[in-house]
2 protein chains.
Amino acid sequence: MPAATFDETWMREALTLASRGLGLTSPNPPVGAVVVVGDAIVGEGWHQRAGGPHAEVLALADARGRVGDEILSKASLYVTLEPCSTHGRTPPCVDAILAAGLARVVVASTDPNPLHTGAGYGLLRQAGVELTTGVCEAEGDHLIRFFSRRILDGRPWVIAKTAATLSGHTVLPVSAGPWISSAESREDVQGLRRQCDAILIGGETLRRDNPHLTLRGPLAEGRPQPLRVVLTGRDGLPRESHLFTDEFSERTRLHQGISLRESLTQLHDEGVSAVLLESGGRLLAHAIKEQLVDELALYLAPVFGGGPGHLQAPGSLLADLKNLQCTMIGPDVRISGEFSKTRSFLR
Amino acid sequence: MPAATFDETWMREALTLASRGLGLTSPNPPVGAVVVVGDAIVGEGWHQRAGGPHAEVLALADARGRVGDEILSKASLYVTLEPCSTHGRTPPCVDAILAAGLARVVVASTDPNPLHTGAGYGLLRQAGVELTTGVCEAEGDHLIRFFSRRILDGRPWVIAKTAATLSGHTVLPVSAGPWISSAESREDVQGLRRQCDAILIGGETLRRDNPHLTLRGPLAEGRPQPLRVVLTGRDGLPRESHLFTDEFSERTRLHQGISLRESLTQLHDEGVSAVLLESGGRLLAHAIKEQLVDELALYLAPVFGGGPGHLQAPGSLLADLKNLQCTMIGPDVRISGEFSKTRSFLR
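Residues numbered from 1 in each chain as written. Chains lettered and ligands numbered in written order. Predicted model: local features only at pLDDT ≥ 70, side-chain atom pairs only at ≥ 80, totals over all residues.

## Some details on the sheet that holds strand β3 (residues 76-81) of chain B
All names here are of chain B. Here is the rule: Paired strands are those between which DSSP finds at least two bridges. Each helix is a run of H or I in the DSSP string that is no shorter than four residues. Each strand is a run of E no shorter than two, and both are numbered from the N terminus. Orientation is described by lines fitted to C-alpha atoms, with helices fitted over the stretch in contact, and by angles between N-to-C directions that extend from 0 to 180 degrees.
A sheet is described by the order of its strands in space; here five strands give the open sequence β2-β1-β3-β4-β5, paired in mixed fashion. If you trace the sheet from one side to the other, it starts and ends with β2 (40-46) and β5 (130-132), each paired once. Adjacent strand axes in the sheet meet at a mean angle of 20 degrees when their direction is disregarded. In this structure, strand β1 (residues 32-37) lies alongside β3, joined through four bridges in antiparallel fashion. Bridging from a neighbouring strand, A33 pairs with V79 of β3.

As structure tokens, this is what we get:
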């Protein structure tokens, strides 16, 4: 196997570790790292919560415990994001790497923060560490897309989740029951919720569905529940709703009389990196028109037709998506993609 | 490799040969056959047109030419459909098989015609030929689904093709150009047209789009053009339309003042086994409501929104689909499936 392929193999291990942190690390990005000696992983680490130790430090500590200090001079560190070079809530990872005397460092993605971009690389090279960057960069960039939106655009990444029939109908005839999508798709949505720090709906959805918007099942264990945000223009929300009365009611935010943009700014200021928009069609169409949706997750049920109610789009809106993908989720089709044009709050 | 796996390997070769006949053999089904001695194919055949020789006869003739007569007593014949036992426009294939003295016959699908079902099997067994049936049966049944609909329900199989955006909009804003789906999807539609004997539209589509509805490109070479059927309730179709004036105008049928059901019956009587419905939304919704659509091919473009116009469904129609599949076709998503409830003209 050529060296490049080895590098990708180890980096994929680091990416898998990093993905465990999705939904846990905001406002930090998820990061993973492995320490490799010869053809074996001797240390693993992933960033588990903001304020906690970084992936590199955990992986080095794991390696020290498993094979001792001395062998680290023959080791390579694979890390999914450029090591930090500044004091944040923890000391800089570059210092820890240099102290360990590592022979080589391999990185997937460069720090998107313009204040830090390439600074970690410079310090490592200056100290004589062999450095390879950009290994599995696309996967690495995808993994930190929430963080990049936060840093570069001053707002959370927004995933809009919606369900319809094959004809774009969003409502079923009453006789067909309340759910458009299957149990499998609803389980898949739990996977989306797990990655997001907040779930946002409009007052309309609260009144009509009285949803719980919670993480449930094995995915929920040991995790904080996402914030549950109701964006509404008017009074009169039913105070007996689950969101205001259940055991997680302190995780509910009422955003009344403010715009979606203002709501997202408030969430950003609370440290939220990713928002799952589970609203009805009107708020969804508004959000797309305002270029405030980054990603679409559309669940299509295997039926044609429905009750009155279609996926909406204001006027002759036409929003392009890229990186379209389709997958069968149980009996349904899930289509996901990223909107080509999105709004920054900074520029 | 166990014998069963060998059988499937050879049957897949026969199925591939059979599929070459799609769109050419109506009112007969496409059929393919291979003759195998030891671990080699020594003869191949596929049914090329109604009235022409059957696949089994062609495969046996091919084998005779390649390895001679005598070795056939050690040969196995793999054929995608139960060999015919009656005189049609050609002598029964069972006679040809027995005359060749084959050791073994392997079949995918049983003849769906209740008058013939199992008759070929009986004659072969009676003559002491080793017989295995049901190998790759699902694929075989799928390949002859047009024929089965004809035989069992007295009407053609109807594939409805339509295109929309991810929000179910069927019209683009004028500024976005005339095509919802990509060049790749339009090429994919050529593949559908190639399988069908007729393309059906309503007068509305003729007036609005003035389409050609022809087979084009390499797929068209040496093939008859499909019938082009316009189903319309009223006079006043533009006589200068391509369908009435181009070089294939003798392949155009004007079905005026009759129902869709009557139109399909007329096509059935002309020997049509498969119809591609490329109409607008109103006729499509009517056809689905009347349970006259067997299969849906929905092309979704990677955009959200559109001009005024949605995929339609009358009232609170909700038609279930099964065997849903999704595939990327260039930048688009194609979703296909079969309607669970369809109408028979015989029962």
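## Topic: the environment of P91 of chain A
Take P91 of chain A: it is sitting in the loop between β3 (76-81) and α3 (93-100). On a C-alpha basis, the gap between P91 of chain A and P53 of chain A in space is 9.1 Å, while along the polypeptide they are 38 residues apart.

## Some words on the nonpolar core
Rule in force here: Defined on buried residues, the nonpolar core groups Ala, Val, Leu, Ile, Met, Phe, Trp, Tyr and Cys residues joined through C-beta atoms within 7 Å. The burial criterion counts other C-beta atoms lying within 10 Å of a residue's C-beta, which is placed from the backbone; the residue is buried at 20 or more, exposed at 12 or fewer, and partly exposed between these limits. Throughout, a residue-residue contact means that the two C-beta atoms, derived from backbone geometry, are no farther apart than 7 Å.
Among the nonpolar cores identified, the biggest contains 192 residues, and V275 of chain A together with V275 of chain B are the most heavily contacted of them. Ignoring sequence-local partners within four residues, the contact set of V275 of chain B consists of P156, V158, C196, A198, L200, L264 and L267 of chain B.

## As for the pairing of strand β2 (residues 40-46) of chain A
All names here are of chain A. Pairing of strand β1 (residues 32-37) with β2, which is carried by six bridges, proceeds in the antiparallel orientation. Residue pairing across strands places V37 opposite A40, the latter belonging to β2. Between β1 and β2, which pair antiparallel one after the other, the connecting turn spans two residues, and G38 there sits at a positive phi close to 60 degrees.

## A look at the sheet that holds strand β8 (residues 227-232) of chain A
Taken together, nine strands build an open sheet; the order of strands is β9(A)-β8(A)-β7(A)-β10(A)-β6(A)-β11(A)-β14(A)-β13(A)-β12(B) and the sheet is mixed. A single partner strand is all that each edge strand has here, and the edge strands are β9 (252-256) of chain A together with β12 (303-305) of chain B. Strand-to-strand twist of the sheet, defined as the mean angle between neighbouring strand axes without regard to direction, takes the value 30 degrees. Pairing between strand β7 (residues 198-202) of chain A and strand β10 (residues 274-277) of chain A: three bridges, direction parallel. Looking across to β10 of chain A, one finds that I199 of chain A is bridged to L276 of chain A. Docked against the sheet, helix α11 (residues 281-289) of chain A engages β6 (157-165), β7, β10 and β13 (318-329) of chain A together with β12 of chain B, running at close to 135 degrees with respect to β6 of chain A.

## Side note on the relation of the copies chain B and chain A
As a reminder of what qualifies: Copy-to-copy alignment: least squares on C-alpha atoms, limited to residues at pLDDT 70 or above in both.
For the pair chain B and chain A, the relating rotation is 180 degrees, the translation along its axis is 0.0 Å, and the fit reaches an RMSD of 0.0 Å. Such a combination of rotation and displacement between the chain copies is what one expects of a two-fold axis. Relative to the rotation axis, the C-alpha of G168 of chain B is the closest in chain B, positioned 2.3 Å from it.

## Focus: the interface of chain B and chain A
Often, the extent of an interface is quoted as the loss of accessible area upon association of its parts. Heads up, the rule is: In the scheme used here, Gly and all other residues not listed as nonpolar or charged are polar, with Ala, Val, Leu, Ile, Met, Phe, Trp, Tyr, Cys and Pro taken as nonpolar and Asp, Glu, Lys and Arg as charged.
On the chain A side, the residues contacting the 34 residues of chain B number 34 residues. Within the residue set of the side of chain B that touches chain A, elements represented by two or more residues are β11 (295-301), β12, β13 (318-329) and β14 (332-339) of chain B. If one sorts the elements of the side of chain B that touches chain A by residue count, β13 of chain B sits on top with seven residues. Its residues assigned to classes, the side of chain B that touches chain A shows 24 nonpolar, nine polar and one charged. Pairing of strand β12 (residues 303-305) of chain A with β13 of chain B involves three bridges; the strand directions are antiparallel.

## Observations concerning the environment of E338 of chain B
All names here are of chain B. Looking at the element boundaries, E338 is found in strand β14. By C-beta crowding, E338 is classed as partly exposed, having 19 other C-beta atoms within 10 Å. With 30 residues separating them in the primary sequence, E338 and P308 have C-alpha atoms 28 Å apart. The residues contacting E338, other than those within four sequence positions of it, are D294, E295, L321, K322 and N323.

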